[in-house]
2 protein chains.
Amino acid sequence: MEYINNYIEENKDRFLEELFGLIRIPSVSSIKSHKPDMYKAAEYWKEMLLKSGADKAEVFDTPGNPVTYGEKMIDTALPTVLVYGHMDVMPVDPIEKWDSNPFEPEIRGGKIYARGADDDKGQSMMHAKAFELMVKTNTLPCNIKFMIEGEEEVGSPNLGKWCEENKEMLAADVILVSDTTMLAPDTPSITTGLRGLAYWQVEVTGPNRDLHSGMFGGAVANPINVLCSMIDKMVDKKGKVTIPGFYDDVLEVSSEERELLGRAPFDAEKYKKAIDVKELAGEEGFSTTEHTGIRPTFDVCGIWGGYTGEGAKTVLPSKAYAKISSRLVPNQDHLKIAELFKNHFENIAPKSVKVEVTSLHGGQGYVCPIDIPAYQAAEKAYTDVYGKRPVPVRSGGSIPIISTFEEVLGIKSVLMGFGLESDAIHSPNENYPLEQFLTGIKTIPLFYKYFVEMNKVQ
Amino acid sequence: MEYINNYIEENKDRFLEELFGLIRIPSVSSIKSHKPDMYKAAEYWKEMLLKSGADKAEVFDTPGNPVTYGEKMIDTALPTVLVYGHMDVMPVDPIEKWDSNPFEPEIRGGKIYARGADDDKGQSMMHAKAFELMVKTNTLPCNIKFMIEGEEEVGSPNLGKWCEENKEMLAADVILVSDTTMLAPDTPSITTGLRGLAYWQVEVTGPNRDLHSGMFGGAVANPINVLCSMIDKMVDKKGKVTIPGFYDDVLEVSSEERELLGRAPFDAEKYKKAIDVKELAGEEGFSTTEHTGIRPTFDVCGIWGGYTGEGAKTVLPSKAYAKISSRLVPNQDHLKIAELFKNHFENIAPKSVKVEVTSLHGGQGYVCPIDIPAYQAAEKAYTDVYGKRPVPVRSGGSIPIISTFEEVLGIKSVLMGFGLESDAIHSPNENYPLEQFLTGIKTIPLFYKYFVEMNKVQ
């Protein structure tokens, strides 16, 4: 590994500068006015792939945000690895809670602070730089392709179709992704399961205009009260979602596998302290690791309605809104769940209000078998760098496109995540430890080495 | 009544111009940055009272917004009427729902459209102009005092104390107020009851920062879900507020009086159509008129938390907020209710969240007996102008200061409202029919005439 360490040592300042350049582009995919930034980010990736050693690289239009594709084909007889990452990031609100400008990266205490520092600019950049390392040290053992998209944070609505249209170009033996976490800086892990997602916006309308809460209060249904009541009804006292049919397709995990999952280190006191809560919550009969790993959820991501300004305004509002999401598990189908929710939510609405449900996005869950060569190559790479075998874990997060890749391209993904839970992704002060960034670049070339060796063996 | 009609006919354009001048001052009391506007409005009132015939007028400071006081004392042996009104208005959001600038009055279809057109700039201005009319036509039969405050829409937090400090100056036989509605343009009514009010802001905190809803969702209590659940628990299936002790002091209205109240004309279909709802709501066992007239309520006036921007952001938020109000009825004490709510809300909070309850304001309910001379004088005045006897009604609204006047000054108030339910007070497109404004100015001098006559009789 000496050539790897040396190359990183000599080039790490430049690696960081290149990452910072990408971070400085505010490529927030959920806000339409940032569309030009999506193109800037796509061009930035194209230039970076070419500089790093790609034979060709190109920015593809889609009906939404662009995709950057690049490749270096050294021998069609050799295996091909397709790297997937995303250049788009989450919005930054509440902006006032950031200690520094989210789009001007700052290193403090060994961590890079910025929106996208981890998710996924930091993690995907590790692959570009590992690729450069292999090219420049003449150690690239196989073909490599990059597909960097701009709509992951809004559910990749256009990438599935784009993959279908470019199936041949994207042909590969495995998809390699860094967009997940590991258990701790000294406890490597590989994510073998991802939750799916369904996301809705609901609008509850009471009277046709805001009313005086004195003149009408008590006689006219208040849409905020009604929305609260409807939301409350969606989860019962045992923490079970009450939508009829919601659990019908949930893959029940065997008691043996639950026992294995239970071996992942988990310190409830530390976990509670880190987020400053006195008590955890969740579905009765399951552990915290299971709550996030193998069980579906029902969370309100946002709610608003009525007077939210300074002071006291007495009003019986006309409308109330909520953004609601369910994390889904294999084999729940997000389209089916979206429909079940919509029907149920409309059904339980009292006649005193009108209800509108809009599906904003969704994606399927995913499971990666731990006996395929690509998983085992990843396992060996981590073992070399960390001195211990990585633990397979079921993550609570969703990367909806991963299951689409399997469906459309017929390729499994291996999720070599180097993020940490403390990275605060999607939150103010998102950060990524420098150490994780550099260790990622160190580990990735070893994956390529072992992956090609294992393919030769077979 | 000819001298009244003539004077109004000759001066009505100027009356409107004077009202418009007041409306153009954006005196929103709940938004601190409008403080200078409160002083502008107070000075405007002072000048108007002097021009209209007051012997003296003065702007008084309070720890909050100013009060304008003015008087014309013609003979201390004669009765004295104290006119109360307010120069402050509600905020204008949602501003995008206004068809014209809320602070630039426009007359369309015989109605004045503007914030404060009715509540209470339009209605209080009727008293200034009726006063002018009586002075200029030498028909003022008694002493008259004006007290126009600037904090009614935020619960008059400083006026009680100011009244205490100026008790002697404010001495009067009755307080006359126009800040309520009548049943219809052809159905005069006098408000004999007002509801009290308690108003809180609640803050529910889950984790110490916004979390990734995938990583943590299902294991950590979501403060929005929790807030919704807590709000839902505050009212049971029968529409009863569940706060222990909430109904203990509610003045139960006799079946005879309920029968009388039931005689007020009420057309449920028209009422529902006007606000575009399919079904009304409210506490089981009471009619719509009773829901707003004699029963307390629990309404969420505003709610917010998490991601409320465009598109879909998956987040498990740190905080959720709501602004909540209860309309109270005699003899519920708003301070006691505020405390009961706070304790109950804190008690039912699960351990997985932290809860903070702040009382924003409150006021007591009020009942005016229909056998006092002042009520009867008002009744006669309406009868003269409308050709029918006004109906006594219990309003759902609150003018918290009215009960304070009784407590502090020992004076009953008569509520001669000329507003209509369609005036959309506190809402976008607040309006006040020109006809109501002019009829008010016509009716008020007759009240003075009858009030002084009745006092002579006694």
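Here the structure is a predicted model, which means the values were calculated and not measured. (Residues numbered from 1 in each chain as written. Chains lettered and ligands numbered in written order. Predicted model: local features only at pLDDT ≥ 70, side-chain atom pairs only at ≥ 80, totals over all residues. Heavy atoms only, no water.)

Asks: Would you mind going over the packing of aromatic side chains in detail, with residue names and values included?
Replies: For the structure shown, the criterion picks out 34 aromatic pairs over all chains. Geometrically, the ring pair formed by W45 of chain A and F146 of chain A is tilted, given 6.5 Å between the ring centres and 40° between the ring planes. In this pair, W45 of chain A sits in helix α2 (residues 35-52) while F146 of chain A sits in strand β6 (residues 143-149), placing the two residues 101 residues apart along the sequence. Across the pair, F146 of chain A and W45 of chain A agree in class, each one buried. Joined through ring pairs, the aromatic side chains of W200, F298, F341 and F345 of chain A make up one cluster. The ring of Y247 of chain A carries the charged tip of K240 of chain A above its face, separated from the ring centre by 5.3 Å. A cation over a ring is seen here: R108 of chain B above Y113 of chain B, with NZ or CZ 4.1 Å from the ring centre. (Phe/Tyr/Trp six-rings, centres within 6.5 Å; stacked < 30°, edge-to-face > 60°. Helix = DSSP H or I, 4+ residues; strand = E, 2+ residues; numbered from the N terminus. Buried < 20%, exposed > 50% of the residue type's maximum accessible area, 1.4 Å probe, protein only. Lys NZ or Arg CZ within 6 Å of the ring centre and 35° of its normal.)

Asks: Before we move on, can you summarise the relation of the copies chain B and chain A with the specific residues and values?
Replies: Two chain copies, one operation linking them: a rotation about an axis together with a shift along it. Superposition of chain B onto chain A requires a rotation of 180° combined with a translation of 0.1 Å along the rotation axis, giving an RMSD of 0.1 Å. Such a combination of rotation and displacement between the chain copies is what one expects of a two-fold axis. (Least-squares fit on C-alpha atoms with pLDDT ≥ 70 in both.)

Asks: A description of α2 of chain A should follow, citing residues and the corresponding values.
Replies: Residues and elements named next belong to chain A. For α2, with 18 residues, the first-to-last C-alpha span of 26 Å sits near the 26 Å given by 1.5 Å per residue. Of all the residues in α2, the buried ones are D37, M38, A41, A42, W45, M48, L49 and S52. The arc enclosing the buried residues of α2, seen along the axis, measures out at 145°, which places them on a common side. With respect to the buried face of α2, the exposed residues turned more than 90 degrees away are P36 and K51. Packed against the buried residues of α2 are α1 (2-23), β1 (56-60), β2 (67-72), α3 (121-136) and β6. (Expected span 1.5 Å × (residues − 1). Arc of directions from axis to C-beta. Contact = heavy atoms within 4.5 Å.)

Asks: Describe the UniProt feature "domain: Peptidase M20 dimerisation" (unreviewed entry) in chain A, with residues and values.
Replies: The UniProt entry lists residues 192-351 of chain A under the feature "domain: Peptidase M20 dimerisation" (unreviewed entry), expressed in the numbering used here. The distance from the first to the last C-alpha atom of residues 192-351 of chain A is 45 Å, and the span holds 29% helix and 19% strand. (UniProt positions renumbered as here; feature names shortened; annotations may be inferred.)

Asks: Give me the lowdown on the environment of R327 of chain A, citing residues and values where you can.
Replies: Mapping R327 of chain A onto the fold places it in strand β11 (residues 319-328). Once you skip the residues sitting within four places of it in the chain, R327 of chain A turns out to touch R195, G196, L197, P296, T297, G396, G397 and S398 of chain A together with H212, S213, G214 and T314 of chain B. One polar contact links R327 of chain A to S213 of chain B, side chain to side chain, over a distance of 2.7 Å. (Polar contact = N/O pair within 3.5 Å; in protein donor to acceptor, adjacent residues only side chain to side chain.)

Asks: Please set out the state of the cysteines residue by residue, giving values where relevant.
Replies: Here the structure, examined in full by the defined rule, presents 0 disulfides over all chains. In this structure C228 of chain B is a free cysteine whose sulfur lies 3.8 Å from that of C228 of chain A, the closest cysteine sulfur available. Look at C228 of chain B and you get buried, because its relative accessible area is 0%. Here C301 of chain B stays unpaired: no disulfide links it, and the sulfur of C228 of chain A, its closest cysteine neighbor, is 12 Å away. (Disulfide = S-S within 2.5 Å.)

Asks: Give a description of the domain arrangement of chain A that names residues and reports values.
Replies: Interfaces are frequently sized by the accessible area removed from exposure as the parts join. Residue and element names in this part refer to chain A. Along its sequence, chain A is organised into domain 1 (2-194 + 365-457) and domain 2 (196-250 + 296-363). Each of domain 1 and domain 2 has a C-alpha centre, and the two are 35 Å apart. In this assembly, domain 1 packs against domain 2 so that about 640 Å² is buried in total across both faces, 55% of it on carbon and sulfur atoms. Contact with domain 2 buries surface across domain 1, with G365, S398 and P400 losing the most and accounting together for 54% of the total. Counting across the interface, domain 1 meets domain 2 through 0 salt bridges. (Domains from an automatic or database assignment. Buried area = accessible area lost by both parts, 1.4 Å probe. Salt bridge = Lys/Arg side-chain N within 4 Å of Asp/Glu carboxyl O.)

Asks: I'd love a proper account of the interface of chain B and chain A, names of residues and values included.
Replies: Between chain B and chain A, the residue contacts involve 86 residues of the former and 86 residues of the latter. Buried area between chain B and chain A, both sides added, is near 7600 Å², and the carbon and sulfur share of it is 53%. Viewed at the interface, chain A and chain B are joined by 4 salt bridges. K354 of chain B is the partner of D276 of chain A in a salt bridge, and the nearest nitrogen-oxygen pair spans 3.4 Å. Inspection of the chain B/chain A interface yields 46 residue pairs in polar contact (both at pLDDT 80 or more). When contributions to the side of chain B that touches chain A are tallied by element, the ones reaching two or more residues are β9 (196-205), α6 (223-233), α8 (268-275), α9 (288-293), β10 (299-306), β11 (319-328) and β12 (354-363) of chain B. Here the element with the most residues in the side of chain B that touches chain A is β10 of chain B; it accounts for 8 residues. Residue composition of the side of chain B that touches chain A, by class: 35 nonpolar, 32 polar and 19 charged. (Nonpolar A, V, L, I, M, F, W, Y, C, P; charged D, E, K, R; others polar.)

Asks: Please give an account of the sheet that holds β11 of chain B that cites residues and values.
Replies: Taken in spatial order, the 8 strands make up an open sheet running β12(A)-β9(A)-β11(A)-β10(A)-β10(B)-β11(B)-β9(B)-β12(B), and their pairing is antiparallel. The sheet is open, and its two edges are formed by β12 (354-363) of chain A together with β12 of chain B, each paired on a single side. Strand-to-strand, the axes of this sheet are offset by a mean angle of 15°, without reference to chain direction. Relative to β11 of chain B, β10 of chain B runs antiparallel, the two sharing 6 bridges. Within the sheet, the bridge partner assigned to W304 of chain B lies in β11 of chain B and is Y321 of chain B. Helix α9 (residues 334-348) of chain A contacts β9 (196-205), β11 and β12 of chain A of the sheet and is inclined by roughly 165° relative to β12 of chain A. (Pairing = 2+ DSSP bridges. Axes fitted to C-alpha atoms, helices over the stretch in contact; angles between N-to-C directions.)

Asks: For the pattern of salt bridges, give the residues involved together with the corresponding values.
Replies: All names here are of chain A. All told, the structure shown has 50 salt bridges over all chains when counted by the stated rule. For E379, the salt bridge goes to R389, with nearest N and O atoms at 3.1 Å. With E379 in helix α10 (residues 373-386) and R389 in the loop between α10 and β14 (391-394), this pair connects stretches of sequence that are 10 residues apart. Through salt bridges with shared partners, a single ionic network connects R14, E18, K129 and E132.

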